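# Reading the structure
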Amino acid sequence: MSSRLGLMLVICAPSGTGKSTLTARLRAEFPRLGYSVSCTTRAPRPGEVDGRDYHFLDQAEFLRRREAGFFAEWAEVHGNCYGTPRQALADMLAAGRDVLFDIDVQGAAQLRASMGGCHVFLLPPSLAALRARLLGRASDDQAVIQKRLANAPGELACAPGFDYWIVNDDLDAAYDRLRAVYVAEGLRPALNPGLLDAVVHGPAA
Ligand code: ADP
Ligand code: 5GP
C-alpha cells in the first residue's frame, strides 16, 4: 500500500483545558505521530524536561533565533514567547510523519496561512471547570493562573475559525473524539496521492 503524506494536527485551547493530557495520550497510542517541541522563554515547571517538553531559552536567544528565521510561527502568550522550530517540522514532514502541535491561537492562525493543517479547538466544559483545573494542576502561582484565566475568553473567541470543536468534559469521551478526528483526517485523498494508482495499477515496482 502506498505511504501517505504527513498530517499537521494543530491543537489549541485555553490554558488548563487539557491539551497536554489529551495529546500525551494520542502520542502514546500513535508512535507515527511526531511532536513539534516548541521553544519558550517560560521557566520549566517541575517535571518538565528540556528538549522533550520544550526547548527552554532565555529572551536574548529567543529573539536571536526569531530574527534568524528559525521559527515557522511564534507568538507572545501569557507574557512569554513561544515558537515552533522550522527545521524540525520540515524534517518530520519530509519523512512522512504526522506532526502534532500544542500552540496558541495566534500561532495556529500563522500555521494555517502558511502550511494549512487540521485545526482542533478543545473547549473546557465551563470557565468554572477551567479555573478548577488550573488550580488543581498546582503548577502555576496565583498571578499566573489569573492571567491565564483572563486570557481564556479572548482565546475562546477564536474557536469559530477552527475545523473541529471537542469539549473536554469526560476525559475518555474527549479522547475518543480527538482520536476519531486524527484517524479520519489521515484518510483525506490529498494526503494519499499514490493510493488510487496503487489500487488501479498495482504497487509501483
Ligand atoms: P493544558 O495543557 O491545556 O494547559 P493540562 O493537560 O495540563 O491542560 O490539564 C490541566 C489539568 O486538568 C490537569 O491537572 C489535568 O490532569 C486536568 N484534566 C485534564 N482533562 C481533564 C478532564 N477531562 N477532567 C478533569 N480534569 C482534567
Ligand atoms: P504553557 O506555558 O502552558 O506550556 O503554554 C502556554 C500557551 O502557549 C499554550 O496555549 C500553548 O499551546 C502555547 N504554545 C506552546 N508552544 C507554542 C508555540 O510554539 N507557538 C505558539 N504560538 N504557542 C505555543
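For the structure, check the block above.
What you see is a predicted model; the values in this text were computed from it and never measured. (Residues numbered from 1 in each chain as written. Chains lettered and ligands numbered in written order. Predicted model: local features only at pLDDT ≥ 70, side-chain atom pairs only at ≥ 80, totals over all residues. Heavy atoms only, no water.)

## Observations concerning the overall build of the protein
- When helices and strands are tallied, the protein shows 8 helices and 9 strands.
- For 205 residues, the compact-globule estimate of 2.2 N^0.38 gives 17 Å, and the C-alpha radius of gyration of the protein, at 18 Å, lies within 12% of that figure.
- Seen through its principal axes, the protein has C-alpha atoms that stretch 60 × 40 × 30 Å.
- Here the protein holds 205 residues, and 43% of them are scored as buried.
- The long-range share in the protein, meaning contacts at least 24 apart out of those at least 6 apart in sequence, stands at 69%.
- The average position of the 22 basic charges and that of the 23 acidic charges among the side chains of the protein differ by 1 Å. (Helix = DSSP H or I, 4+ residues; strand = E, 2+ residues; numbered from the N terminus. Rg over C-alpha atoms; globule rule 2.2 N^0.38 Å. Buried < 20%, exposed > 50% of the residue type's maximum accessible area, 1.4 Å probe, protein only. Contact = heavy atoms within 4.5 Å. Lys, Arg positive; Asp, Glu negative; His and termini not counted. Charge placed at Lys NZ, Arg CZ, Asp CG, Glu CD.)

## Concerning the site of ligand 1
- Near ligand 1 you find S15, G16, T17, G18, K19, S20, T21, R133, R137, N168, D169 and L171, and these make up its full shell.
- Between an oxygen atom of ligand 1 and a side-chain N or O atom of R137, the distance comes to 2.8 Å.
- A distance of 3.0 Å separates a nitrogen atom of ligand 1 from a polar backbone atom of D169.
- In the complex, 75% of the free accessible area of ligand 1, which totals 570 Å², lies under the protein chains.
- With respect to the pocket detection grid, ligand 1 is positioned in the largest pocket.
- It is helix 1 (residues 19-29) that contributes the most residues to the shell around ligand 1, 3 residues altogether.
- A class-by-class count of the residues in the shell around ligand 1 yields 1 nonpolar, 7 polar and 4 charged. (Near = heavy atom within 4 Å. Polar contact = N/O pair within 3.5 Å; in protein donor to acceptor, adjacent residues only side chain to side chain. Areas by Shrake-Rupley, 256 points an atom, 1.4 Å probe, with all protein chains shown as cover. 1 Å grid on protein atoms, 1.4 Å probe; cavity = no way out; pocket = protein on both sides within 12 Å on 5 of 7 lines; lining within 4 Å. Sits in = over half its atoms within 2 Å of the grid points. Nonpolar A, V, L, I, M, F, W, Y, C, P; charged D, E, K, R; others polar.)

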